[in-house]
Structure formats: structure tokens, C-alpha cells
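# Notes for the structure review
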Amino acid sequence: MHLAAVGTRMPAWVDAGFREYAERLRGDFSLTLHEVAAGKRGKHADTDRILEDEAGRLERAAPARARRVAFTVDGRAHSTESLSEQLSEWHRDGRELAFFVGGPEGLNPAFERACDARWSLSALTLPHPLVRVVVAEQLYRAVSLLRGHPYHRAG
């Protein structure tokens, strides 16, 4: 699995949180982070152009034939169980998975539409650095459920 995210130079707690869960994911469900540079924002920045440029960098960061999943507020909400089932289904087709996290304004709308799936972590807008940690933890939780590991104890 690949997580391509806009933004570099994250706070230490973000890097540590992501690494904590990514290191637990091994084998068929390993998770690799691909950071892409955010476009320069300013008072008179062309946001549409910035999002388009970021989309190009995200596209190049992921494996070419990967199943592409965009994080969006209006995407599909998953329970841990449904995410675990979805990961299992995606895994069966043999393609790598690429998850995409946008910057402060989200993802380019055309890029979102071109993705194979859209996933919503919450109806709330989350800061994009925090999304990295939440995604890594939720993927680890879902994979733990698939593997029968006791990490996920909710019932």
C-alpha cells in the first residue's frame, strides 16, 4: 500500500505517529509514504493551478497501475469491519493500493473523479498532517482484523 500525501516537513509527532503504525504493517499490506511538495500559496495564488500541479505530483508518486483511492469528505465512510472487507477485496485483485491525501484545499476535483474510489475518514474536515496518522492507524486496525490479531477489540 502507498500513501501519497501533499506536504513535506511535518511536525515530529506526525512522522512518529505514521511510522508507529506503518512499521507494524508488513508483508502483503506494508505501507509506504510518498510525500509530494505543496504548491506555493500566497495572497494571490491561483488555487486551481496549485491543485492541478499537486495532482500531477501525487499521480507520479504512486505506482502506475495501482488502485487509486482519494480521501474526500464526501467519500464512502467505512467502519473498521467494512474497511477490512474492502481491503481484502482489493487485495484479491493483485493490484497495489495508492491512497491520496491533498493539501489544505484538498485534492484537485478532476483527480478525485479519476480515482477508483473515494474514502471519507469523517464528515469533519481534518488537518492534512493528522490524516496521515489516522489513515496509518485505521489501515493497521483493518489489517489486524483480517489477520485475526487482537488489536481491534471493539465489538
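Report on the accompanying structure. (Residues numbered from 1 in each chain as written. Predicted model: local features only at pLDDT ≥ 70, side-chain atom pairs only at ≥ 80, totals over all residues. Heavy atoms only, no water.)

Turning our eyes to something else, we now look at the layout of surface pockets. Unfilled space is identified by rolling a water-sized probe across the atoms. Space inside the largest pocket adds up to approximately 370 Å³. Lining of the largest pocket is provided by 21 residues; of these, Phe71, Thr72, Val73, Gly106 and Leu126 occupy positions nearest its centre. When residues of the lining of the largest pocket are traced back to their parent elements, those giving at least two are strand E3 (67-77), strand E5 (117-120) and helix H5 (128-146). Considering each element in turn, the lining of the largest pocket owes the most residues, four residues, to E3. In terms of residue class, the lining of the largest pocket is built from ten nonpolar, eight polar and three charged. Estimated volume of the second largest pocket: approximately 190 Å³. Along the walls of the second largest pocket sit Met1, His2, Gly27, Asp28, Phe29, Ser30, Thr32, His91, Gly94, Arg95, Glu96 and Leu97, which together make up its complete lining. (1 Å grid on protein atoms, 1.4 Å probe; cavity = no way out; pocket = protein on both sides within 12 Å on 5 of 7 lines; lining within 4 Å. Points joined across faces, edges and corners; volume = space filled by probe spheres on them. Helix = DSSP H or I, 4+ residues; strand = E, 2+ residues; numbered from the N terminus. Nonpolar A, V, L, I, M, F, W, Y, C, P; charged D, E, K, R; others polar.)

For Arg92, the location among the structural elements is in helix H3 (residues 80-92). Among the residues examined, Arg92 registers a relative accessible area of 62% and is labelled exposed. For the pair formed by Arg92 and Phe29, sequence separation is 63 residues and the distance between their alpha carbons is 12 Å. (Buried < 20%, exposed > 50% of the residue type's maximum accessible area, 1.4 Å probe, protein only.)

Turning next to the sheet that holds E3. Across the sheet, which stays open at both edges, the five strands sit in the order E2-E1-E4-E3-E5 with parallel pairing between neighbours. A strand with exactly one partner marks an edge of an open sheet, and here the two such strands are strand E2 (32-36) and E5. Direction aside, neighbouring strands of the sheet carry axes that sit 35 degrees apart on average. Each of strand E1 (2-6), E2, E3 and strand E4 (97-101) is contacted by helix H2 (residues 47-61), which is oriented at about 160 degrees to E1, the strand it contacts most. (Pairing = 2+ DSSP bridges. Axes fitted to C-alpha atoms, helices over the stretch in contact; angles between N-to-C directions. Contact = heavy atoms within 4.5 Å.)

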